[in-house]
Amino acid sequence: MKGLKGVSSVAFTSGDPVVLAKAFSKWVGENAEFQFKLGIVDGKLLDVAEVKALATLPGKEELFSKLLFLINAPAQRLVTVLNAAGRDLAVVLGQGVEKEKFAAEAAA
């Protein structure tokens, strides 16, 4: 490979490639004498700019948590609306009892 001329090292992950790209970006940032040459993700050759762009993406865990939040949000809103009707009814009945609005009707 043309990009691997000279002294090179290779890192491999069977997990999330974003996590590896983030780790290398941080390490290269702290060790300025080193630089990326290229990357390979799912068989696709990445240049330095693409590896740096990959490092800025959210990882799988963060994407999964955002997806679960988006899936859960409508259900949570529905439960809130359903609970609001019962809660509002209880508040109205409580206020009626406090103001003794129901006392005359109960005695009749």
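Above this text you will find the structure in question.
Residues numbered from 1 in each chain as written. Predicted model: local features only at pLDDT ≥ 70, side-chain atom pairs only at ≥ 80, totals over all residues. Heavy atoms only, no water.

Undergrad: Quick question: what am I supposed to make of a nonpolar patch on the surface here?
TA: A surface patch of nonpolar side chains, about 440 Å² in accessible area, is lined by Phe64, Leu67, Leu68 and Ile71. Here Leu67 shows up in helix H3 (residues 60-98). (Patch = residues over 30% accessible without salt bridge, like charges linked within 9 Å, V, L, I, M, F, W, Y side chains within 5 Å. Areas by Shrake-Rupley, 256 points an atom, 1.4 Å probe, with all protein chains shown as cover. Salt bridge = Lys/Arg side-chain N within 4 Å of Asp/Glu carboxyl O. Helix = DSSP H or I, 4+ residues; strand = E, 2+ residues; numbered from the N terminus.)

Undergrad: Is there a simple way to explain the nonpolar core in this structure?
TA: Soluble globular proteins tend to bury their nonpolar side chains together. In this structure, Val18, Ala21, Val28, Phe36, Leu46, Val51, Leu54 and Ala55 together form the largest nonpolar core, which totals 8 residues. Secondary structure elements with two or more residues in this core: helix H1 (17-30) and helix H2 (48-56). In this view, Val28 contacts Phe34, Gln35 and Phe36; residues no more than four positions away in its chain are not counted. (Core = buried A, V, L, I, M, F, W, Y, C linked by side-chain atoms within 4.5 Å. Buried < 20%, exposed > 50% of the residue type's maximum accessible area, 1.4 Å probe, protein only. Contact = heavy atoms within 4.5 Å.)

Undergrad: Explanation requested: H1 in the structure shown.
TA: In this model H1 runs 20 Å from its N-terminal to its C-terminal C-alpha over 14 residues, within 8% of the 20 Å that 1.5 Å per residue would give. Those residues of H1 lying buried are Val18, Ala21 and Val28. Within H1, the buried residues cover an arc of 95° as seen down the axis, which keeps them to one side. Set apart from the buried face of H1 by more than 90 degrees, the exposed residues are Lys26 and Glu30. Its buried side turned inward, H1 meets H2. The backbone nitrogen of Val18 lies 3.1 Å from a side-chain oxygen of the residue at the head of H1, namely Asp16. (Expected span 1.5 Å × (residues − 1). Arc of directions from axis to C-beta. Polar contact = N/O pair within 3.5 Å; in protein donor to acceptor, adjacent residues only side chain to side chain.)

Undergrad: Just to check I follow, could you spell out H2 for this structure?
TA: Within an α-helix, residues lying three or four positions from one another point in the same direction, as the helix has 3.6 residues per turn. Regarding H2, the residues found buried are Val51, Leu54 and Ala55. Down the axis of H2, the smallest arc covering the buried residues is 100°, so these residues share one side. Across from the buried face of H2, at angles greater than 90 degrees, the exposed residues are Ala49 and Thr56. Check the buried side of H2 and you find it contacts H1, strand S1 (39-41) and strand S2 (44-46).

Keep in mind that these numbers describe shape and distance, not what the molecule does.
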